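Descriptive structure summary
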Amino acid sequence: MERIIQITAGRGPAECTWVVAQVLKKVLEEAQDQNLDVVLLQREKGEENGTIETASISVKGKNADEFVKSWVGTIQWIGQSQFRKMHKRKNWFIGIFEIEPEKNAIVSENDIQYQAMRSSGAGGQHVNKVSSAIRATHIPTGIAVVAMDSRSQHQNKKLATERLLKKIEDEKLIQLKNHVGKQWENQLHVERGNPVRVFTGSDFKKNKVEKSYKGTRQKLKNDLRNENN
């Protein structure tokens, strides 16, 4: 299961781009602790050193769903501005959004066309007489590779298949990066309040998010009162 999230400062100031950089580190560290596979798909540096405007990562693994749900939403940092020492503001907000990944079809063996061809270069009479090289072409995309490493046609076919699949995966990753790069509307939707996670201080320690149950308790009291009346 793959999930893609974008961490963004929105239109926030430099302080928010610093928070994005810190949160990105936390996300990667936590993903590693949970044995999840993460790939950094896109990162836009901020104007100040060590800051990031926006970053997108792909998360894969058994608990990817729960991991992403625990991060998606508003992130709050409480602390003194790193860039404006006299600034009175102490609360800074960034957003984490989930991006719907593009659907990629699974590569079928029937979509790969193999063509035997003569190897080129040094190799003596054997190379000139035997068509041991193999060209593998993925018909839907037109992506093609050639393998001529071995004198064995069977071995070259195996190598060509591996290289073709790798090249297709690389192309998918490029397309995914382009897809993520188009999600800039998320830059406009960072909301303040109701943070899913809160961090404090220059050491960026995690604070427990306190949820208010006052309204729920009052409702329960009123329901009990009405039942007794």
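Residues numbered from 1 in each chain as written. Predicted model: local features only at pLDDT ≥ 70, side-chain atom pairs only at ≥ 80, totals over all residues. Heavy atoms only, no water.

Across its full length, the chain carries 5 helices and 10 strands. By the burial criterion, 34% of the 229 residues in the chain qualify as buried. Expressed as a percentage of contacts within the chain between residues at least 6 apart in sequence, the contacts between residues at least 24 apart total 61%. Counting only carbon and sulfur atoms, one obtains 47% of the accessible surface of the chain, whose full area is about 14,800 Å². (Helix = DSSP H or I, 4+ residues; strand = E, 2+ residues; numbered from the N terminus. Buried < 20%, exposed > 50% of the residue type's maximum accessible area, 1.4 Å probe, protein only. Contact = heavy atoms within 4.5 Å. Areas by Shrake-Rupley, 256 points an atom, 1.4 Å probe, with all protein chains shown as cover.)

So, on to the sheet that holds strand β3 (residues 52–60). Sheet strands pair via backbone hydrogen bonds, and the direction of the pair is either parallel or antiparallel. With mixed pairing, the 7 strands of this open sheet are ordered in space as β2-β3-β1-β5-β4-β9-β10. For this open sheet the edge positions go to β2 (37–45) and β10 (205–207), each flanked by a neighbour on one side alone. Neighbouring strand axes in the sheet, compared pairwise and without regard to direction, differ in orientation by 25 degrees on average. The sheet contact formed by strand β1 (residues 2–8) and strand β5 (residues 91–99) spans 5 bridges and is antiparallel. Of the residues in β5, the one forming a bridge with Ile5 is Glu98. On top of the sheet, helix α2 (residues 64–71) reaches β1, β3, β4 (73–78), β5 and β9 (197–200); it is set at about 20 degrees to β1, its chief contact. (Pairing = 2+ DSSP bridges. Axes fitted to C-alpha atoms, helices over the stretch in contact; angles between N-to-C directions.)

In this section: the packing of helix α1 (residues 14–33) against α2. Packing of α1 against α2 brings their axes to within 12 Å, and their N-to-C directions diverge by 155 degrees. Accordingly, the angle class assigned to the pair α1 and α2 is roughly antiparallel. Judged by the sense of rotation from one axis to the other, the crossing of α1 with α2 is right-handed. Of the residues in α2, those in contact with Val23, Lys26, Val27, Glu30 and Ala31 of α1 are Phe67, Ser70 and Trp71. Of the residues in the contact of α1 with α2, the class split is 5 nonpolar, 1 polar and 2 charged. (Parallel < 35°, antiparallel > 145°, perpendicular 65-115°, else oblique. Left-handed = near helix turned anticlockwise from the far one by under 90°. Nonpolar A, V, L, I, M, F, W, Y, C, P; charged D, E, K, R; others polar.)

The subject of this paragraph is the side chain of Thr17. With respect to the element layout, Thr17 can be found in helix α1. From its side chain, Thr17 meets the backbone oxygen of Ala14 in a polar contact 2.5 Å long. Residues in contact with Thr17, not counting those within four places in the same chain, are Ala9, Thr51, Ile52 and Glu53. (Polar contact = N/O pair within 3.5 Å; in protein donor to acceptor, adjacent residues only side chain to side chain.)

This part is about unusual backbone geometry. Here Asn35, not a glycine, exhibits a phi torsion of approximately 60 degrees, which is positive. Along the polypeptide, Asn35 turns up in the loop between α1 and β2. Residue class for Asn35 comes out exposed when judged on its relative accessible area of 68%. You will see that Phe204, though not glycine, has its phi angle at about 55 degrees, which is positive. Note on placement: Phe204 falls in the loop between β9 and β10.

Our next topic: the packing of aromatic side chains. All told, the structure shown has 5 aromatic pairs when counted by the stated rule. Ring plane angle 25 degrees and centroid distance 6.5 Å describe the contact between Trp77 and Phe204, whose orientation is recorded as stacked. Residue Trp77 is found in strand β4, and its partner Phe204 is found in the loop between β9 and β10; the two are separated by 127 residues along the sequence. Overall, Trp77 belongs to the buried group, its relative accessible area being 1%. Taken together, the ring pairs in this structure connect Trp18, Trp71, Trp77, Phe199 and Phe204 into an aromatic cluster. (Phe/Tyr/Trp six-rings, centres within 6.5 Å; stacked < 30°, edge-to-face > 60°.)

With 5 of its 6 residues buried, strand β7 (residues 133–138) lies for the most part within the structure. Examined bridge by bridge, strand β6 (residues 112–117) and β7 share 6 bridges and lie antiparallel to one another. The residue of β7 that forms the bridge with Ile112 is His138. In this structure, β7 lies alongside strand β8 (residues 143–147), joined through 5 bridges in antiparallel fashion. Each bridged residue has a counterpart across the sheet, and for His138 the counterpart in β8 is Ile143. From the end of β7 to the start of β8, which pair antiparallel, there are 4 residues, and Gly142 there has a positive phi angle of about 80 degrees.

Moving on, we get to the pattern of salt bridges. Within this structure, the stated rule accounts for 7 salt bridges. For the salt bridge of Arg3 with Glu98, the shortest nitrogen-to-oxygen distance reads 3.2 Å. Here Arg3, found in strand β1, pairs with Glu98, found in strand β5; they are 95 residues apart in sequence, far enough to count as distant. Residue classification places Glu98 among the partly exposed residues on the basis of a relative accessible area of 41%. One salt bridge in this structure joins Asp203 and Lys205, with 3.8 Å as the shortest N-O distance. Its relative accessible area of 52% is what places Lys205 among the exposed residues. Within the structure, one salt-bridge network assembled from shared partners comprises Arg3, Asp65 and Glu98. (Salt bridge = Lys/Arg side-chain N within 4 Å of Asp/Glu carboxyl O.)

Geometry only, nothing functional implied.
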